[in-house]
Amino acid sequence: MGLFRVNATRENPRQAGLSIVVEGLLVDSGSAYTRVPGEALRPVGIEERKRDEAFRMADGHIIRCSPGYAVGGVAGFATVDEVVFAQPGDLWLLGACPLEGLGAVVAPVRKRLVPAGPLPVS
């Protein structure tokens with residue numbers, strides 16, 4: 001089915017309109033969070049809010065990063081996103097938690113995000 005990438009915005013939740021476009025986020029429904037370089041997030045005022053959180057990588061090893069909060073948008077969808085400040089050399093990812101918040105699912109054959117349909121509230 002293959003991998004695909006999307007362009008996405010990350011906006012400062014405290015200052016509407018202060019945002020960046022992140023090109024080429026790898027859509028990875030096996031990952032929980034969005035991961036974007038801190039050098040891209042800090043200039044628009046997105047700050048690390050939790051310090052030194054532990055994350056398990058796909059190969060099983062543990063890394064420590066500091067996530068923050070942003071308003072995320074991609075392909076016409078938007079949500080509040082807990083974004084991990086990636087280190088140099090890390091993959092830039094759009095994970096499962098923001099996909100759920102966006103109300104989007106992966107259409108793997110078409111390699112794009114599509115509406116998930118009505119979301120449960122109870």
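Figured I'd write up the structure that's included with this text. (Residues numbered from 1 in each chain as written. Predicted model: local features only at pLDDT ≥ 70, side-chain atom pairs only at ≥ 80, totals over all residues. Heavy atoms only, no water.)

1. Quick notes on the layout of surface pockets
- What the largest pocket holds in volume is close to 260 Å³.
- Taken together, 14 residues form the lining of the largest pocket, with Ser31, Arg35, Arg56, Met57 and Leu93 sitting closest to its centre.
- Of the residues in the lining of the largest pocket, the class split is eight nonpolar, three polar and three charged. (1 Å grid on protein atoms, 1.4 Å probe; cavity = no way out; pocket = protein on both sides within 12 Å on 5 of 7 lines; lining within 4 Å. Points joined across faces, edges and corners; volume = space filled by probe spheres on them. Nonpolar A, V, L, I, M, F, W, Y, C, P; charged D, E, K, R; others polar.)

2. Some remarks on the nonpolar core
- Counting 21 residues, the largest nonpolar core has Leu94 and Leu113 as its most contacted members.
- Sorting the residues of this core by element identifies strand 1 (5–11), strand 2 (19–27), strand 6 (67–74), strand 7 (77–86) and helix 2 (96–102) as the ones contributing at least two each.
- Here this core takes four residues from strand 2, the largest share from any one element.
- Leave out the neighbours within four places in its chain, and Leu94 touches Val6, Arg10, Leu25, Leu26, Val27, Asp28, Tyr33, Thr34, Val74, Leu99 and Leu113. (Core = buried A, V, L, I, M, F, W, Y, C linked by side-chain atoms within 4.5 Å. Buried < 20%, exposed > 50% of the residue type's maximum accessible area, 1.4 Å probe, protein only. Helix = DSSP H or I, 4+ residues; strand = E, 2+ residues; numbered from the N terminus. Contact = heavy atoms within 4.5 Å.)

3. A word on the pairing of strand 7
- Strand 7 sits mainly inside the fold: eight of its ten residues count as buried.
- Of the strand pairs in this sheet, strand 3 (residues 34–37) and strand 7 are connected by four bridges, and their pairing is parallel. Directly across from Val36, in strand 7, lies its bridge partner Phe85.
- With eight bridges joining them, strand 6 and strand 7 adopt antiparallel strand pairing. Its bridge partner lying in strand 7, Gly68 is registered against Val83.
- The turn joining strand 6 and strand 7, which pair antiparallel and follow one another in sequence, is formed by two residues; a positive phi near 50 degrees is taken by Ala75. (Pairing = 2+ DSSP bridges.)

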